Amino acid sequence: MGDLIGADYSLVEKNALYRCLDKLLEHKDALFLHLRQRWQDLFAASFDVLLYDLTSTYFESDPPSDDEDKRRFGYSRDKRGDCVQVVIALVVTPQGFPLAYEVLPGNTSDKTTLRSFLQKIEAHYGKAQRIWVMDRGIPTEEVLEEMRRADPPVFYLVGTPKGGSPKWKRR
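Residues numbered from 1 in each chain as written. Predicted model: local features only at pLDDT ≥ 70, side-chain atom pairs only at ≥ 80, totals over all residues. Heavy atoms only, no water.

## Some points on helix 3 (residues 28–43)
Three or four residues apart is the spacing at which side chains of an α-helix point the same way, because the helix has 3.6 residues per turn. In a regular helix each residue adds 1.5 Å, so 16 residues correspond to 22 Å; helix 3 covers 21 Å between its end C-alpha atoms and thus fits that length. Where helix 3 is concerned, the buried positions are Lys28, Phe32, Arg36 and Trp39. On an axial view of helix 3, the arc spanned by its buried residues comes to 80 degrees, and they lie on one face. Away from the buried face of helix 3 by more than 90 degrees, exposed residues Ala30 and Leu42 are located. Residue Ala44 follows helix 3 closely and has a positive phi angle near 55 degrees. (Helix = DSSP H or I, 4+ residues; strand = E, 2+ residues; numbered from the N terminus. Expected span 1.5 Å × (residues − 1). Buried < 20%, exposed > 50% of the residue type's maximum accessible area, 1.4 Å probe, protein only. Arc of directions from axis to C-beta.)

Written out as structure tokens, the structure is:
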């Protein structure tokens, strides 16, 4: 990267770049709008199918004393209930182009995130007939009903809940 911008390596050393991320945060929405347009122009990327998922990352540290800190104890996908974590939500296209992300408190329930992401994508990219693909633990029946009633309808493909799969199996 130093060669690309004609700068000394210390300027583009990974920790220096990490420290710049906070400065980029205030431009996040504008950056995503710009990137979306570039991907559409360069790769004819479409945004009618969106993949939505959540993950978490944990910290081997003491719990934060600051109420604004997002590190919290919560459901640990890593089986590290002894560690605080943050939840990361991401919306991407099937080609892997990210459209939105959020870092959420570590005690955020997956089921509470979908509605705000539906609103965020519509606000940033307009109303469109989209198909959302997500894991079974993300939507609630209430949010799915709102998606079906939306104008235009928001379609979805969701994994079958474990308890519901026997009724769909062929015998």
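## Structural notes on the side chain of Arg36
Its place among the elements puts Arg36 in helix 3. Ignoring anything within four residues of it in the chain, the contact list for Arg36 reads Phe47, Leu99 and Tyr125. (Contact = heavy atoms within 4.5 Å.)

## Some details on the confidence of the model for the protein chain
Averaged over all residues, the pLDDT of the protein chain is 88; the fraction at 70 or higher stands at 91%. Within the protein chain, the element-level pLDDT minimum falls on helix 1 (residues 2–5), averaging 68, and the maximum on strand 4 (residues 131–134), averaging 96. (pLDDT = per-residue confidence, 0-100.)

## Remarks on the environment of Thr160
Its location among the elements puts Thr160 in the segment after strand 5 (155–158). The class of Thr160 is partly exposed, set by a relative accessible area of 35%. For the pair Thr160 and Arg136, spaced 24 residues apart in the sequence, the C-alpha separation amounts to 5.9 Å.

## Topic: the sheet that holds strand 2 (residues 84–92)
Judged by pairing direction, the sheet is mixed, and its five strands sit side by side in the order 3-2-1-4-5 without closing on themselves. Among the strands making up the open sheet, the edge pair consists of strand 3 (98–105) and strand 5. Averaged over all pairs of adjacent strands, the angle between strand axes in this sheet comes to 20 degrees, irrespective of strand direction. Alignment of strand 1 (residues 49–59) against strand 2, held across nine bridges, turns out to be antiparallel. Directly across from Phe59, in strand 2, lies its bridge partner Val84. Across the sheet, helix 4 (residues 114–125) lies against strand 1, strand 2, strand 3 and strand 4, angled at about 140 degrees from strand 3, the strand it touches most. (Pairing = 2+ DSSP bridges. Axes fitted to C-alpha atoms, helices over the stretch in contact; angles between N-to-C directions.)

## Details of the pattern of salt bridges
Following the criterion strictly, the structure yields 11 salt bridges and no others. The residue Arg77 makes a salt bridge to Asp110 at a minimum N-O spacing of 2.6 Å. Of this pair, Arg77 sits in the loop between strand 1 and strand 2 while Asp110 sits in the loop between strand 3 and helix 4; the two residues are 33 residues apart in sequence, bridging distant segments of the chain. You can call Arg77 partly exposed: its relative accessible area is 25%. (Salt bridge = Lys/Arg side-chain N within 4 Å of Asp/Glu carboxyl O.)

## So, the packing of helix 4 against helix 5 (residues 141–149)
Packed helices, taken two at a time, are described by the angle their axes make and the gap between the axes. Axis separation between helix 4 and helix 5 bottoms out at 10 Å; the angle between their running directions is 25 degrees. Between helix 4 and helix 5, the angle falls in the class roughly parallel. When helix 4 is examined against helix 5, the residues Leu114, Arg115 and Leu118 are found in contact with a partner set consisting of Glu142, Val143, Glu146 and Met147. Here the contact of helix 4 with helix 5 is built from residues that sort into four nonpolar, no polar and three charged. (Parallel < 35°, antiparallel > 145°, perpendicular 65-115°, else oblique. Nonpolar A, V, L, I, M, F, W, Y, C, P; charged D, E, K, R; others polar.)

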